[in-house]
Amino acid sequence: MISVEEALETVLGHFDPLDAERRPILDALGQVLAEDVISSASIPPFDNSAMDGYAVQSGDVAGAGRDKPIELRVIADLAAGRVAGVSVGPGTAVRIMTGAPLPNGADAVVRFEDTDEASAPSTREGGRIGVMVPVVSGENVRYAGEDVRTGELVIPKGATVRPSEIGVLASLGRKDVLVHRRPKVAVLATGDELVEIDEPVSPGKIRNSNSYSVASLVARYGGVPVMLGIARDRIEELTAKLAEGLTTDLVITSGGVSVGDYDMVKNVLKAEGKIDFWQVRMKPGKPLAFGHIRGVPLLGLPGNPVSAMVSFEQFGRPAILKMLGKTKLAKPTVSATLTEDVENYSGRRHYIRAILEKRDGRYYAWTTGEQGSGILTSMAKANGLVVIPEDQKLVKAGTEVMVQMLDWSEEQA
Ligand code: AMP
Ligand code: MG
């Protein structure tokens, strides 16, 4: 048996970031930049007011106070989107709105709240305004290039495109961006006992759930699943189905990699490509296959529904992330206090389906109950996997354990 780390290292050694594609910025959400984004302009493009108020010469109002306002003559009104036709000279002010360009001559903006705006007879063009607090030069001014300067590296290659990156790209006038393309991942279930979800379940048959859980995991982590359906445990059918998957970046099968009489996937994979079969020191999910068929990588997950999902999280997820161009491949993990005893006499790394809750700033974890690898509802109840090391046999309640987060979302914060 090989360790989870050894298996992972071999798997990841066969993947690289996929080629780059140019996509409209909104469609690139979640993908990884394949280019450095260099600014072609300054943001903001001009000095402008950060407040609704009066553009002034700060020197004019240095002595202002609540009880001794300094009166200035208002020479213009300036809305955002307009440019002042006048310059601010000594003793004058321009009534200015947030985002409007700072008029020539002015070096600061006094907020409405710091003037007698509310009580003055007319503060519009031609009126007068009393300034009640001093401002220093630059106060309430946003300078050109303060956010981004022309020629600056704004977002580096390798960054994930999030809503904030999309906003920055839009502010730079970028309609599209170069990102690593999403991997296409073929998903094939194997087994004579399987029927599709809309077919009647006759004696001895069960519904194919793996294709659906695995395909949705593929999509969740940024891949594009391609459903290949079910292959019977027959050499010809498996070979034909696998051939359909060879236009993808990764083929994922479930079932047929164990030691049973009808675990044909092994035979087909051996005949069709270069495949290694492993016993990975983990529970659930001991049998695993990995290799290539005509150059296309193949990950053979175990058939048991929980094993398939847990193995996918350990090996399929990082492979997809690497193809997407991501570099942080480890599953988000937190430390939590166990609230019940757990046992692990398997000698393998035990991934225990668990419920994680945050109370008073600390995480607590307990099991979802029965841990059989066929009990898929235990995955549905869980939001994390408690990871018990290979050599730990009994872990007592109260122990701090590592938990892989299955859902690392705002719901768990
Ligand atoms: P296998 O590894 O092919 O021996 O399958 C192990 C167990 O997982 C068996 O009980 C199968 O019936 C079950 N199984 C295999 N494939 C699927 C699937 N696609 N959906 C649900 N259960 C499956
Ligand atoms: Mg089978």
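What counts as what
Residues numbered from 1 in each chain as written. Chains lettered and ligands numbered in written order. Predicted model: local features only at pLDDT ≥ 70, side-chain atom pairs only at ≥ 80, totals over all residues. Heavy atoms only, no water. Helix = DSSP H or I, 4+ residues; strand = E, 2+ residues; numbered from the N terminus. Buried < 20%, exposed > 50% of the residue type's maximum accessible area, 1.4 Å probe, protein only. Contact = heavy atoms within 4.5 Å. Pairing = 2+ DSSP bridges. Near = heavy atom within 4 Å. Polar contact = N/O pair within 3.5 Å; in protein donor to acceptor, adjacent residues only side chain to side chain. Areas by Shrake-Rupley, 256 points an atom, 1.4 Å probe, with all protein chains shown as cover. Nonpolar A, V, L, I, M, F, W, Y, C, P; charged D, E, K, R; others polar. Salt bridge = Lys/Arg side-chain N within 4 Å of Asp/Glu carboxyl O.

K.L.:
Account for the side chain of T253, naming residues and giving values.
P.N.:
Relative to the elements of secondary structure, T253 occurs in strand β16 (residues 250–254). By relative accessible area, which is 1% here, T253 ends up buried. What T253 contacts, discounting residues up to four positions off in sequence, is L188, L242, V265, L298, L299, G300 and L301.

K.L.:
Residues and numbers for the pairing of strand β25 (residues 384–388), please.
P.N.:
Counting buried positions along β25 gives five out of five residues, so the element sits mostly inside the fold. Here β25 shows a buried face lined by G384, V386 and I388 and a second buried face lined by L385 and V387. With five bridges joining them, strand β23 (residues 349–359) and β25 adopt antiparallel strand pairing. Residue pairing across strands places Y351 opposite V387, the latter belonging to β25.

K.L.:
Pulling in residues and values, what's your account of the site of ligand 1?
P.N.:
Near ligand 1 lie 16 residues; those nearest to it are E193, N208, S209, G256 and G303. In the model, an oxygen atom of ligand 1 is placed 3.1 Å from a nitrogen or oxygen of the G303 main chain. Expressed as a share of its isolated accessible area of 480 Å², the protein-covered part of ligand 1 is 77%. If you list the elements that add at least two residues to the shell around ligand 1, you get β12 (184–190) and β14 (206–207). Looking at the shell around ligand 1, its residues break down into four nonpolar, nine polar and three charged.

K.L.:
Talk me through helix α3 (residues 210–220); I want residue IDs and the actual numbers.
P.N.:
Within α3 the residues assigned to the buried category are N210, S211, S213, V214, A215, L217 and V218. Positive backbone phi, approximately 105 degrees, marks G222, located one or two places after α3.

K.L.:
Provide a residue-level description of the pattern of salt bridges, including the pertinent values.
P.N.:
By the definition in use, this model includes 20 salt bridges. Note that D276 and K274 form a salt bridge whose closest N and O atoms lie 3.4 Å from each other. For K274, a relative accessible area of 57% translates into the label exposed. One continuous salt-bridge network, built from bridges that share partners, spans E5, R349 and E390.

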